[in-house]
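Summary of the model geometry
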Amino acid sequence: MIKKLEKSNKNTGLVVKSNRIVTALQSLSLIEMRLIQLAIVDARDKEEGLDSDTPLSIHAKRYADAFDVASHTSYEVLKEAGKGLVSRQFTFLSERENKVLTNWVQQVEYIPNEGRIEIIFTKAVVDEITRLSSHFTKYALERIATLNSIYSVRLYELLVKWVSAKKTNKFEYELFREQMGLGVSDYLRMSDFKRRVLDPSVKEINEKTDLKVKYDQVKNGTRITHFTFTIHTKENSELNKQRDVVKESNNESSTIDGLSDKQLWRITRHKSFIKTYGSMAKGDAGRSWEAYSRLMVDEIKIDHTRFNRKRPIREYLKGSDDEYDFS
C-alpha cells in the first residue's frame, strides 16, 4: 500500500490473540504452544505482517533464548513441535456462534543447515490474530516463558484478560477441562483434576509470573459445577515493574489515551500516519481503506506506544487539511 516501514527498535514481545482463540477448545503440548507464541511475537515485532501465504521463520537460537533451554537441543525441539502442530486441531465459535474446526498450521518446512523452521498458519488462525475487532487478550511472552506446564500456560491465558476486573465469571467445569486441553478420559475424578492439573497450575503461576491467583468452587448440592478465580498483580514483581497494560475490551467505544474509536479512525487516515505506518497493512487491509483503518485501530488499541515514533499519536488529529479524501 505505502512505502516500507522503517523498523522499530522497540521489541514489544507481546502475544496478542482474539478472545475466541484464547477460549477455544484446544490440546497442545508445551513446546507447540511456545512455538505459536513465539511466531506471533516475532511477526508483530518485525512489523512484517501476518498472512496465510507467508512463512514465519523461527531460529533454534531464538527459541533457546526466549525459553531458556539448551541451544544444542532447541532445533530438535522445534522440529518436534512443528511435526505435532501439523496434525493439531482446535474448535472455536465463529461470529455467527457456529463451531469451527480448524488446524493451527497448514505447513512446516525444516531448514537444518540454518537451524530454523518455517511455519505457515491457517487462514482461521491468521484471522484470529490479526483481525481482533475490540475483543482481544495480550500478555508479554516473558511473563510465561519460565512456566514448565502446558496447563499453567493455558490457565494464565484464560485468566490474564480478567486482570482489570480482578475476578472472573464462572468457568463451567466440563468446558473448562476442554479449554485446558484435557481429553474426555483424562483425570475424570475431580480430586485427580485438582491434584494433577488445577492446583499445580495455580501454584506455578503464583510462583513464577506477575499474577497471584486463587480459585473458588461453585457447587450444585455436593457436585462441583463451576470454578471462579480472583486475580491480582504482584506489586513488587520484577515482571510487573515494566508491565504492559493487559485488558479485555468488551466495549467498541473503548479508548486509549482518552481517544474514541471515531478519533482513532481519523488518525489512521492522516497522510503522515499512513506514510509512516501504512506498510503494516497486509492482505485484505492492503487492498481496502475500510479494512486498513479497522486493522490500524485494532493495532493502536493493542499497543499505542508503537505509533508515537514520529509524533505523539494525538497530534494526528490536528490539521484536517492533511487528511486524505477516501470518498
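Below you will find a few notes about this structure. (Residues numbered from 1 in each chain as written. Predicted model: local features only at pLDDT ≥ 70, side-chain atom pairs only at ≥ 80, totals over all residues. Heavy atoms only, no water.)

Here we have three strands laid out as an open sheet, ordered S9-S11-S10, and antiparallel in their pairing. Either end of the sheet is taken by a strand with one partner, and the two such strands are strand S9 (171-172) and strand S10 (211-220). As defined by bridge partners, S9 adjoins strand S11 (residues 223-233) across two bridges and the pair is classed as antiparallel. From the neighbouring strand, Glu172 faces S11, where its bridge partner is His226. Those strands touched by helix H8 (residues 190-208) are S10 and S11, and its axis lies near 155° from that of S10. (Pairing = 2+ DSSP bridges. Helix = DSSP H or I, 4+ residues; strand = E, 2+ residues; numbered from the N terminus. Contact = heavy atoms within 4.5 Å. Axes fitted to C-alpha atoms, helices over the stretch in contact; angles between N-to-C directions.)

Taken together, the buried positions of helix H3 (residues 60-67) are occupied by Ala60, Tyr63, Ala64, Ala66 and Phe67. Down the axis of H3, the buried side of the element spans an arc of 170°, and every buried residue falls inside it. Facing away from the buried side of H3, by more than 90 degrees, are the exposed residues Lys61 and Asp65. Within two residues after H3, Asp68 carries a phi angle of roughly 55°, on the positive side. (Buried < 20%, exposed > 50% of the residue type's maximum accessible area, 1.4 Å probe, protein only. Arc of directions from axis to C-beta.)

Considered as a void within the structure, the second largest pocket measures approximately 530 Å³ in volume. What lines the second largest pocket is a set of 21 residues, and nearest its centre among them are Thr23, Ala24, Leu93, Leu175 and Gln179. Looking at the lining of the second largest pocket, the elements that each hand over two or more residues are strand S4 (89-93), S9 and helix H7 (173-179). Of the residues belonging to the lining of the second largest pocket, the class tally is nine nonpolar, five polar and seven charged. (1 Å grid on protein atoms, 1.4 Å probe; cavity = no way out; pocket = protein on both sides within 12 Å on 5 of 7 lines; lining within 4 Å. Points joined across faces, edges and corners; volume = space filled by probe spheres on them. Nonpolar A, V, L, I, M, F, W, Y, C, P; charged D, E, K, R; others polar.)

Turning our attention to the environment of Gln179. Residue placement: Gln179 occurs in helix H7. Contact partners of Gln179, with chain neighbours within four places excluded, come to Thr23, Ala24, Leu25, Gln26, Arg154 and Leu158.

In this section: the pattern of salt bridges. Using the criterion set out here, one finds 11 salt bridges in the structure. A salt bridge links Glu32 to Arg88; the shortest N-O distance between them is 2.8 Å. Placement of Glu32 in helix H2 (residues 30-45) and of Arg88 in the loop between helix H4 (71-87) and S4 is noted, with a sequence separation of 56 residues between them. Judged by its relative accessible area of 26%, Arg88 is partly exposed. Arg143 is the partner of Asp210 in a salt bridge, and the nearest nitrogen-oxygen pair spans 3.4 Å. Note that Asp210 is positioned in the loop between H8 and S10 and Arg143 in the loop between strand S8 (136-140) and helix H6 (150-160), a separation of 67 residues in sequence. Considered together, Asp210 and Arg143 belong to a single accessibility category, that of buried residues. Within this structure, Glu114, Arg116 and Glu118 form a network of salt bridges that share partners. (Salt bridge = Lys/Arg side-chain N within 4 Å of Asp/Glu carboxyl O.)

Phe121, Phe176, Phe227 and Phe229 are the most contacted members of the largest nonpolar core, which totals 69 residues. When residues of this core are assigned to their parent elements, the largest contribution, nine residues, is made by H2. Those residues in contact with Phe229 that lie beyond four places of it in its chain are Leu155, Leu159, Lys166, Lys167, Thr168, Phe171, Phe176, Leu198, Val202, Lys214 and Tyr215. If you look at the next biggest cluster of nonpolar residues, it comprises 16 residues, including Ile267, Phe273, Met296 and Val297. (Core = buried A, V, L, I, M, F, W, Y, C linked by side-chain atoms within 4.5 Å.)

Attention now goes to helix H9 (residues 261-268). Buried within H9 we find Leu264, Ile267 and Thr268. The arc that holds every buried residue of H9, seen down its axis, measures 95°, which confines them to one face.

Everything listed here is a matter of coordinates, which is why it stays silent on function.
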